[in-house]
Amino acid sequence: MASLTTDKHAKGPSHRPTYASRLFLWLLTYSIIMVTCFVAFQYKREKDFKAAEMDAQLQLINRYLLQKLYSGCNLSEISAAHISPFENLRISVFSENGNILYDNTAAHNGPVNHSDRLEITQAMNNTAGYAVRRHSESTGEYYFYSALKGNGFIVRTAVPYSISLDSLLKADYGFLWAMGAITALMCLLGYFATRRIGLTVSRLNRFADDVENGKVVSDSAPFPHDELGDIAGHIIRLYARLQQSNIERDIQHRAATHEQKEKERIKKQLTNNINHELKTPLASVKLCIETLVEHKHLTDQQREQIMQRCLANISRLEHLLSDISLITRMDDGGSAITTSDINLSDIINEVVDEKIHAASANGISITHNFTQPLPMTGNAALLESVFNNLIDNAVAYSGGSAINIRLVSADSQSIYIDFSDNGSGIPPEHLERIFERFYRIDKGRSRAMGGTGLGLSIVKNAVIFHGGDITVANARNGGLKFSIRLRRKHQSGAEYTSC
């Protein structure tokens with residue numbers, strides 16, 4: 001039991017008994033006091049009973065002696081052994097005022113007054129009385145004195161009085177043994193009861209120490225099945241849940257903080273990249289206008305070339321601003337983008353019909369197999385931008401001759417699409433970064449082709465907005481292969497996070 005708990009708040013080693021030990025000691029002390037009080041009460045009760053019984057026997061002798069005195073008999077002629085079962089019976093006769101007249105154990109020289117003796121006082125006042133005291137003239141032995149008052153006389157008899165506790169309680173030993181057994185059983189039950197309570201208190205003490213020290217609290221170990229155990233279990237389970245909630249809250253807070261910092265970093269990076277991307281076409285437009293202003297004698301053909309160059313850069317600015325606007329809308333939150341019931345097959349077919357002539361002009365064919373309806377919930381403009389950007393990217397940079405958009409499968413939850421070309425592919429070290437904003441494999445060539453560097457980033461964010469994902473890999477037979485998964489049911493815009 002002493003190992004149930006330790007006093008962690010004490011400095012140095014502690015030898016303080018456990019709560020269960022102290023509680024059991026209190027119960028044991030209470031039981032011992034109760035039994036002791038009962039034995040003392042029983043002893044006094046038996047002692048009073050024995051004294052009353054002895055007084056009754058001696059009073060019979062006193063009455064007999066009074067009758068002898070009334071009949072004129074000389075008490076000295078009466079043998080104490082013939083009238084009493086007691087050995088060493090002492091007989092005394094007193095006058096009404098307490099003067100001793102006769103004593104069968106001693107000779108008296110003159111009157112001796114015994115009115116101050118308790119039994120004589122009681123007899124003088126109440127006719128009868130008794131007392132127990134030590135006989136001063138003998139060896140200090142205790143005597144039981146019983147006195148009875150008659151007409152003109154007080155007769156007193158006395159016998160040696162030595163009754164031990166053992167002799168008094170001998171008749172009640174059976175009852176005492178029963179009380180002892182009941183007390184032992186109560187102590188045994190009390191031990192187990194206090195041990196259960198002590199176990200609960202000790203665990204609550206450890207729980208309080210763990211809480212104070214900031215440790216993680218577990219509610220795995222069961223408590224005793226009683227009211228205190230149930231209360232303790234509820235307290236620990238409630239605190240464990242609160243602690244777990246606080247841990248989860250802190251994790252979510254750190255994640256939200258990290259996400260916010262990441263968004264700020266991306267926005268700052270986007271701002272820097274936009275500033276850098278705008279400088280080139282603006283510088284080119286400015287140069288064209290300055291050339292037209294400063295050289296007024298240019299030929300019409302030269303003016304036409306400068307104007308075409310200026311127009312191309314302005315068109316590039318338009319594409320860049322349009323892509324930036326779309327990226328910003330998605331960064332501001334998916335809830336700002338509306339969704340509706342659409343048919344994905346119709347969207348892909350429209351995009352292909354729009355792009356097929358430009359692709360043919362570059363010697364590239366586009367094939368697809370979207371003949372069956374593919375109903376879903378989403379944003380038509382975003383889905384158009386996905387396939388527009390993939391086709392434009394393949395036409396401009398793949399170096400291949402064919403683009404294939406294939407429906408892989410569709411179930412009640414998702415639609416799976418492969419977009420591939422037969423071009424030269426890209427080096428493996430660039431695969432993981434091609435969805436980054438403004439990331440270009442060949443920066444000079446990309447800008448020359450009019451690319452903004454945002455196309456594939458828009459593709460990935462639009463796919464994520466529709467609850468899907470997109471991966472890219474170099475195909476075995478050359479070219480790139482994009483694997484796209486779109487959810488049929490659009491997730492809440494609040495759950496969307498741009499990349």
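Cut-offs and rules
- Residues numbered from 1 in each chain as written.
- Predicted model: local features only at pLDDT ≥ 70, side-chain atom pairs only at ≥ 80, totals over all residues.
- Heavy atoms only, no water.
- Helix = DSSP H or I, 4+ residues; strand = E, 2+ residues; numbered from the N terminus.
- Buried < 20%, exposed > 50% of the residue type's maximum accessible area, 1.4 Å probe, protein only.
- Contact = heavy atoms within 4.5 Å.
- Areas by Shrake-Rupley, 256 points an atom, 1.4 Å probe, with all protein chains shown as cover.
- Salt bridge = Lys/Arg side-chain N within 4 Å of Asp/Glu carboxyl O.
- Pairing = 2+ DSSP bridges.
- Axes fitted to C-alpha atoms, helices over the stretch in contact; angles between N-to-C directions.
- Arc of directions from axis to C-beta.
- Phe/Tyr/Trp six-rings, centres within 6.5 Å; stacked < 30°, edge-to-face > 60°.
- Lys NZ or Arg CZ within 6 Å of the ring centre and 35° of its normal.
- Patch = residues over 30% accessible without salt bridge, like charges linked within 9 Å, V, L, I, M, F, W, Y side chains within 5 Å.
- Lys, Arg positive; Asp, Glu negative; His and termini not counted.
- Charge placed at Lys NZ, Arg CZ, Asp CG, Glu CD.
- Left-handed = near helix turned anticlockwise from the far one by under 90°.
- Nonpolar A, V, L, I, M, F, W, Y, C, P; charged D, E, K, R; others polar.
- Core = buried A, V, L, I, M, F, W, Y, C linked by side-chain atoms within 4.5 Å.

Enquirer: Where do I start with the overall build of the chain in this structure?
Expert: Across its full length, the chain carries 11 helices and 12 strands. In the chain, which comprises 499 residues, the share counted as buried stands at 37%. Within the chain, contacts between residues at least 6 apart in sequence are counted, and of these 63% link residues at least 24 apart. When the accessible surface of the chain is split by element, carbon and sulfur atoms take 55% of a total near 29,400 Å².

Enquirer: Any chance you could explain the side chain of Asn-388 here in plain terms?
Expert: Here Asn-388 lies in helix H9 (residues 380-397). Given a relative accessible area of 17%, Asn-388 falls into the buried group. Among residues more than four places away in sequence, those in contact with Asn-388 are Val-351 and Lys-355.

Enquirer: Is there a simple way to explain the pattern of salt bridges in this structure?
Expert: Pairs may arise between side chains of opposite charge once their charged atoms sit close together. Counted under the stated rule, the structure contains 12 salt bridges. Notably, a salt bridge pairs Asp-392 with Lys-355, separated by 3.0 Å at the nearest N-O pair. Linking Asp-392 in helix H9 with Lys-355 in helix H8 (residues 344-361), this pair joins segments that are 37 residues apart in sequence. Look at Lys-355 and you get buried, because its relative accessible area is 17%.

Enquirer: Whenever I open this one, the pairing of strand S3 (residues 128-134) confuses me. Can you help?
Expert: Within a regular strand, the side chains alternate between the two sheet faces. Side chains of S3 alternate between two faces, with Gly-129, Ala-131 and Arg-133 buried and Ala-128, Tyr-130, Val-132 and Arg-134 left unburied. Across seven bridges, the pairing between S3 and strand S4 (residues 142-149) is antiparallel. When the sheet's bridge partners are listed, Arg-133 is paired in S4 with Tyr-143.

Enquirer: Help me understand the pairing of strand S11 (residues 469-474) in this model?
Expert: Strand direction decides the pairing type here: S11 and strand S12 (residues 480-487), joined by six bridges, are antiparallel. Looking at the pairing, Thr-471 lines up with Ser-483 of S12. Hairpin remark: S11 followed by S12, antiparallel, with five residues in the connecting loop; positive phi at Gly-478, about 100°.

Enquirer: How should I be thinking about the sheet that holds strand S5 (residues 154-160) in this particular structure?
Expert: Across a sheet, strands are paired by hydrogen bonds formed along the backbone, either parallel or antiparallel in direction. Strand order in the open sheet formed by five strands is S2-S1-S5-S4-S3, and the pairing between neighbours is antiparallel. Looking along the sheet, the strands with just one partner apiece sit at the ends: strand S2 (100-103) and S3. The sheet shows a mean angle of 20° between the axes of neighbouring strands, taken without regard to direction. Across seven bridges, S4 lies against S5 in antiparallel orientation.

Enquirer: Looking at this model, I keep getting lost on helix H3 (residues 118-126). Mind explaining?
Expert: Side chains of residues three or four places apart in an α-helix project in the same direction, reflecting 3.6 residues per turn. Restricting attention to buried positions, one finds in H3 the residues Glu-119, Ile-120 and Ala-123. An end-on view of H3 places all buried positions within 100° of arc, on one side of the element. Away from the buried face of H3 by more than 90 degrees, exposed residues Asn-125 and Asn-126 are located. Residues of H3 that are buried in the fold lie against strand S1 (90-94), S3, S4 and S5.

Enquirer: So what exactly am I meant to see when it comes to the packing of aromatic side chains here?
Expert: Aromatic rings in a pair are described by how distant their centres are and how their planes are angled relative to each other. One pass over the structure, following the stated rule, counts four aromatic pairs. With centroids separated by 6.3 Å and ring planes inclined at 75°, the aromatic side chains of Phe-435 and Phe-482 adopt a geometry described as edge-to-face. Taken together, the residues span a long stretch of sequence, with Phe-435 in the loop between strand S10 (414-421) and helix H10 (443-448) and Phe-482 in strand S12 at a distance of 47 residues. Since its relative accessible area comes to 10%, Phe-435 is described here as buried. In this arrangement the basic side chain of Arg-133 is found over the ring face of Tyr-145, its NZ or CZ atom lying 4.2 Å from the centre.

Enquirer: Which parts of the structure should I look at to understand a negative patch on the surface?
Expert: Residues Asp-346, Glu-350, Asp-353 and Glu-354 make up a contiguous surface patch of negative charge. Within the secondary structure layout, Glu-350 lies in helix H8.

Enquirer: When you look at the packing of H9 against helix H11 (residues 455-465) in this model, what are you seeing that I'm missing?
Expert: When two helices pack together, their arrangement is captured by the angle between the axes and the distance separating the axes. Direction vectors running N to C along H9 and H11 enclose 145°, while the axes themselves pass 9 Å from each other. The two elements H9 and H11 cross, and the hand of that crossing is left-handed. In this structure, H9 contributes Leu-382, Ser-385, Val-386, Asn-389, Leu-390 and Asn-393 to the contact, and H11 contributes Gly-455, Leu-456, Ile-458, Val-459, Ala-462, Val-463 and Phe-465. Grouping the amino acids of the contact of H9 with H11 by side-chain chemistry returns nine nonpolar, four polar and no charged.

Enquirer: So what exactly am I meant to see when it comes to unusual backbone geometry here?
Expert: What you tend to see is this: most non-glycine residues have negative phi, and most peptide bonds are trans. Non-glycine residue Thr-127 carries a positive phi angle of around 80°. Inspection of the secondary structure assignment puts Thr-127 in the loop between H3 and S3.

Enquirer: What exactly am I supposed to notice about the sheet that holds strand S9 (residues 402-410) here?
Expert: With mixed pairing, five strands are arranged side by side in an open sheet as S7-S9-S10-S12-S11. The outermost strands of the open sheet, each flanked by one partner alone, are strand S7 (365-368) and S11. Each adjacent strand pair in this sheet contributes to an overall mean axis angle of 15°, direction not counted. Bridge count for S7 against S9 is four bridges, and the pairing is parallel. Following the sheet pairing, Ile-366 is matched in S9 by Ile-403. Sitting on the sheet, H8 touches S7, S9, S10 and S12, and the angle it makes with S7 is about 165°.

Enquirer: Teacher, can you tell me more about the nonpolar core here?
Expert: One broad rule of soluble globular proteins: the nonpolar side chains tend to lie buried together. Membership of the largest hydrophobic core comes to 41 residues, with the highest contact counts inside it found for Leu-344, Ile-405, Ile-417 and Phe-482. Broken down by secondary-structure element, the contributors of at least two residues to this core are H8, H9, S9, S10, H11, S11 and S12. Sorting elements by how many residues they give to this core places H9 first, with seven residues. Excluding anything up to four places from it in sequence, Phe-482 contacts Leu-390, Ile-417, Asp-418, Phe-419, Ile-434, Phe-435, Leu-456, Ile-470, Thr-471 and Val-472. Leu-66, Ile-83, Leu-89 and Val-159 belong to the second-largest nonpolar core, a separate cluster that totals 18 residues.

Enquirer: Explain the packing of H8 against H9 to me, please; I cannot follow it from the model alone.
Expert: Contact geometry of H8 with H9 gives a least axis separation of 10 Å together with a crossing angle of 30°. Viewed along their axes, H8 and H9 form a crossing whose handedness is right-handed. For the pair H8 and H9, the contacting residues are Leu-344, Ile-347, Ile-348, Glu-350, Val-351, Lys-355 and Ala-359 in the first and Ala-380, Leu-383, Glu-384, Phe-387, Asn-388, Ile-391, Asp-392 and Val-395 in the second. Here the contact of H8 with H9 is composed, by residue class, of 10 nonpolar, one polar and four charged.

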